[in-house]
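# Summary of structural features
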Amino acid sequence: MSVTQVKIALSGGPAELALATRSVDAAALDNTLKIRHGAGYEHFVHDGEFQAVDGGEIAVFRWSHRTKIAE
């Protein structure tokens, strides 16, 4: 079984995270995206927004909050 990958853009949160090119499973569009950064996790959500890029579309995930890694 093949999993469809969707290109995404991150909006908000730490600037250095937005620079990376990312793809996620299409099913992840319904979930919170959690990315480890420093001593915590940055959380991003997809609210249905897509952005036109190079003749295609990418899903936009907006920053929602940060959590710290438990010690």
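This write-up is about the structure you can find in this document. Small disclaimer: the values here were computed from a predicted structure and weren't measured.

This part takes up the pattern of salt bridges. Under the defined criterion, the tally for this structure stands at 2 salt bridges. With a shortest N-O distance of 2.5 Å, Glu42 and Arg66 are connected by a salt bridge. With Glu42 in strand E4 (residues 40-53) and Arg66 in strand E5 (residues 56-68), this pair connects stretches of sequence that are 24 residues apart. Judged by relative accessible area, Glu42 falls into the buried class, the value being 3%. The class of Arg66 is partly exposed, set by a relative accessible area of 38%. Its salt-bridge partner being Glu49, residue Arg62 comes within 2.7 Å of it at the nearest N-O pair. Here Glu49 lies in strand E4 and Arg62 lies in strand E5, a separation of 13 residues in the sequence.

Reading the values: rules and limits
- Residues numbered from 1 in each chain as written.
- Predicted model: local features only at pLDDT ≥ 70, side-chain atom pairs only at ≥ 80, totals over all residues.
- Heavy atoms only, no water.
- Salt bridge = Lys/Arg side-chain N within 4 Å of Asp/Glu carboxyl O.
- Helix = DSSP H or I, 4+ residues; strand = E, 2+ residues; numbered from the N terminus.
- Buried < 20%, exposed > 50% of the residue type's maximum accessible area, 1.4 Å probe, protein only.

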